[in-house]
Structure formats: C-alpha cells, structure tokens
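The lines below spell out each chain.
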Amino acid sequence: MQKEPVSPEKQASLSHPLTDDTKITDCDLGDLSIRVSLVSLLKTITFNVFQGDFEKWRDFLVTDIISDSRKARDGTLFLAISGIKTDGHLYVRDAYDCGCRIFVTERPVELPEGCLVLGVHNTTSAQNALVRRFFGYPERELLLIGITGTKGKTTIVHMLYDALMACGMEAATIGTTGVRHRDFHRDLVNTTPDMNVLTRYFYLLRRRGVNVVAMEVSSSALKGQRVDGLLFEYAVCTNIGYDHISPIEHSDFNDYRESKAKLFSMANTSILNFDDPSYTYMKAHAAGKTISYSLQPSSGADIWAVDLHHSYEEGKGASSSFTAHGLEESDVMISAPGDHNVANALAVIAVMHQMGFQPNQYRDALRSNKIAGRNEFLDTFQGVIMLIDYAHNGMGMRAVLEMLTGLKRENGRLMVLFGAVGGRAKNRRRDLAEAVSQFADVAMVTTDCPYDEDPKSIMDEVLLYMTDFKGELLQEIDRHRAIHQMVDLAREGDIILFAGMGDDNTRTFSGVTVPYSEKAVILEAVEARKARKKSF
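## Here we look at the side chain of E328
- Mapped onto the secondary structure, E328 falls in the loop between strand 17 (317–326) and strand 18 (330–334).
- Nearest to the buried, unbridged E328 among oppositely charged side chains is R363, at 7.9 Å.
- Leaving out residues up to four positions away in the same chain, E328 has contacts with I303, I349, H353, F357, Q358 and P359.

## Quick word on the pairing of strand 15 (residues 289–294)
- Taken together, the five bridges between strand 14 (residues 267–273) and strand 15 define a ladder with parallel strand orientation. Paired with I271 across the bridge in strand 15 is I291.
- In terms of handedness, the path from strand 14 via helix 9 (residues 279–285) over to strand 15 forms a crossover that is right-handed.
- The pairing of strand 15 with strand 16 (residues 303–313) spans two bridges and is parallel.

## Observations concerning the layout of surface pockets
- If you add up the space inside the second largest pocket, you get close to 510 Å³.
- Lining the second largest pocket are 21 residues, with K151, D339, H340, A399 and E402 sitting closest to its centre.
- Those elements giving two or more residues to the lining of the second largest pocket turn out to be helix 10 (339–354) and helix 12 (394–405).
- Top contributing element to the lining of the second largest pocket by residue count: helix 12, with five residues.
- Of the residues in the lining of the second largest pocket, the class split is seven nonpolar, eight polar and six charged.

## As for the pattern of salt bridges
- One pass over the structure, following the stated rule, counts 24 salt bridges.
- Between D503 and R374 there is a salt bridge, and its shortest N-O distance comes to 3.2 Å. Residue D503 is found in the loop between strand 24 (495–499) and strand 25 (506–509), and its partner R374 is found in the loop between helix 11 (359–368) and strand 19 (376–378); the two are separated by 129 residues along the sequence.
- Among the residues examined, D503 registers a relative accessible area of 30% and is labelled partly exposed.
- A cluster of three or more residues bridged by salt bridges with shared partners is formed by R429, E453 and E461.

Definitions and cut-offs
- Residues numbered from 1 in each chain as written.
- Predicted model: local features only at pLDDT ≥ 70, side-chain atom pairs only at ≥ 80, totals over all residues.
- Heavy atoms only, no water.
- Helix = DSSP H or I, 4+ residues; strand = E, 2+ residues; numbered from the N terminus.
- Buried < 20%, exposed > 50% of the residue type's maximum accessible area, 1.4 Å probe, protein only.
- Lys, Arg positive; Asp, Glu negative; His and termini not counted.
- Salt bridge = Lys/Arg side-chain N within 4 Å of Asp/Glu carboxyl O.
- Contact = heavy atoms within 4.5 Å.
- Pairing = 2+ DSSP bridges.
- Right-handed = clockwise from strand over helix to strand, strands pointing away.
- 1 Å grid on protein atoms, 1.4 Å probe; cavity = no way out; pocket = protein on both sides within 12 Å on 5 of 7 lines; lining within 4 Å.
- Points joined across faces, edges and corners; volume = space filled by probe spheres on them.
- Nonpolar A, V, L, I, M, F, W, Y, C, P; charged D, E, K, R; others polar.

Encoded structure:
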C-alpha cells in the first residue's frame, strides 16, 4: 500500500491537453481532447455483452464517460447508475436519442439495434474504474488526505490547506465549500462527489500544478462507493456522533459508523481522535499505521494538548492557545476558540508531522486561518458578540455553545437563532433543541433549509423538544425577520449565535432554490438598527 509522497519539485506531467482551466466549470469539465479506445477502457472491468457486436465496437474511441443522459452525445459512453432518488436505467433511451451508442448497465435494457450494451454487476464500481482509466489516473499523482467525522471536517481541510501552502506545497481542497485552489473555486452539489466528478477535478488540479488534496469524505460517499479505488496517504477521524440516520442516509448508528470506518482501510496512515468513543473501533479498521491525538495529557495518545486558553477580544476576534506535546513540542495559537477546534488543530499537526514539516513552518498559517461561516465572529456593535456557525446537529451545536458559554460576560445573555434542515436525520431536531435548551438564555426557532418538507412542521417538531426550556423562547418562520428580531433584542454583554446556515449561499423550498447569505442578512439588520439609532 505504500505510496511515495509528491514533493513540490516532483510533479509528473500529464499527457492529455487542457484548455484554459480558469474557465472550466462543473458542466464543461468534460470538454477535453481525450480519446481512449473502448477495448483499452474495458480492461479495467469485468463485463458481459447484453446487446450488440463487441468486435465491431472494440476500437471505438470514447470521448467521454457520463451518467447524465442530458450530457450524452456521439462518442460518449453512458453508465446507468442506480441511485437513491432515481435509476439511470430509466434514461438510456434519452441518452440514445442524444447520440450515445455505448451503454454499461446492470440489467438488459430496450434499445434499438446498432448499440452496444455491456452488463456489469455494479455500475458505480464500473464507473470508478472506467473514469479513472479514461483520465489517466490523475489521483496517482496527488497525495490524498481524507477527513471524515460528524463535525470538524471542513475546519481541518481548510487548516491543512493553509498549513500546506505555507510549507511550499500546492494544495487544494474538496468538500462542503466546494473545490478550491488559490483563486480557483467551484461549488459542489455533494460534500464528496462521485468518482466521475472527483476524477475530473483531480485531472484539472494536476494541470494547475496541485500535488496534495485535502478532502472531506462523507459517510454517504463511503457507503455509496463513491471513493472506492482511491488510496489516501493520510486519513483523519474527527469524531463520530449520532447523526445522518434517515431513510436516505444510514439505517442506524452501526451502519453510519461502519461506513466511516471504511476510510481507514483505504489509507496508509490513520490519524484518530483518542478521546472519541469510537476510537478503538476505527483503529481496528485501519489497514496501515495509526497516530492518535487527544486533549487529555494522561491518555497515552501520540500527541496531546495542555494549557488550553480561549479568548475573545473586541475588534480582534477570538482565539485559542495551547501547548502541543508528544509528536511535537510547540506553543500553538489558532483563530477559532473552543476545545473542539484545539482537537482539530492537533489532527492537522499530526498530519504535518508525518509529512515531515515542523510547526514553525506553518504556525502563522494556523494563527490566521479563518473559514467563512465557521466560528465567524462579526464586528458589529460594541459590547455585543455575534457569531455565524454551521452547527446543524446536536454535537456541533453543543460544542459551539460550550465555547460561547466560556466567553459570556456577567449579566450577558447567550442568544441562539436556529432551525433544522428538512429531508435529513430527524433526530437532529431533538438533539439541537436539547443542546440549545441546556445553554441558551434566549432561543429563536426559525426555518433553516426545509427542502421538500413543510417549514412550519419542522419548527413545530423542534418546539416539542423545548418544553422544559427555562429561558425566553421565540419563534418566527421567516428567517430574515427572525434575524432582525434577534439583532433588535441584543443588549450590551450579549452573545448571539446564528446557527445552521453558515456560509451556504442558497436555500431550497419545495424544489425551488433561492440565493441566500446569512452574513448579509445579519449586517442588514445591524445597519437597520443603527439607522434607528436604537441604543442598548
């Protein structure tokens, strides 16, 4: 399983030409001058012929591999993927009508004569092999770092990006915030896209000179085989909470945890959170070397933190400082407060140590690292702390509220605006309500991103779990109005957490997606209050 890390000086060239990559979007990444013979592609999979004369087609030059019938054209190979929401076998005729003549399916389909239909056991597995071969295995020229866990993935990915860039590597990130490399950014539909999309971005990033990719690897992606075939040099586990249990995600906690653990069977080195209850389980699934990190000095972990201190200074923001011991002996400061962020930083330090970098090479990068919508403090009113955070499940909410409780001033209130996302694990509604009920003085229940669910029904369910809340309980279905109300209620010494949306730039209501910016709405509310000259 050993794989040599790619240094900045050792970047292999690729044989395929590429147009101006700064203009490439998620839709036109396939418009590349690549031609691979069908017989060469099929060496990577086992198949049988459902329809057509294979010998007639063996030397056919495939120009792209697709699973979306709307992208079909002459020269493409169509894969009928059986997904959660739909089945690609239903769209083979649409692909045919658009010019496609070569199909890979899991069962016979009805198509006119003159086509080649190849049968495989699993079209997702076939896609993983075919698309990597088609693009020339670009992932083999990248050092891959995979991060999984219930919370903390995005934070670690971005910490790693800044640290690696500070050390002279050309890094990129893939995850919740999209695909990023320097000034290049593309949004993604899924935190971890399927292999067809991933490989296109790997190909593109290699052409941009990238040699290391830090990527979030979701449990859904692992369960759905989206990353099967990749080899991760390093894999990080942040924590495993009770989340993503729903009809379209995981049947129960064991299924969720088992899916997460799969990542560590695909890695040369696993970096694991010693303090997490699932540590032993994850370690048992690790195929290679394991490194542990902990916030407990006497835990026996490979790296741990002592002398943790969290602070907030008006006009300068928040920070955490600590001293790392074990693999590294170093004083560290990060721009995100909270024990959970110190744990995230320890995981980053462990990865950097394994890569041969010293803390003094990236210390400033950790200190200045900030992520929009994650622990994002806003400089608004003097004497009031306002924070935007993506906390959207019980574990995330509890962590950020514990941190903010430590920043509370005497006579100040902890105010929380939150909702619950639709179409996902319903246990989040209870977990969020219970976390807010435990810590908040003022709670505003509002709408998050309901998708196809009724927003009021979601709110009503959240409110059912807040009957024992002792503070001031408010509700407003319109998130814009709810934000304005919370800003108007603020007084000197208060802390307001706007939770759930983070830096998401859209919200979806009954299939209609609309632009949205939590930060813009908050700042609008602040300016409206200032215009009225409403003092504390």
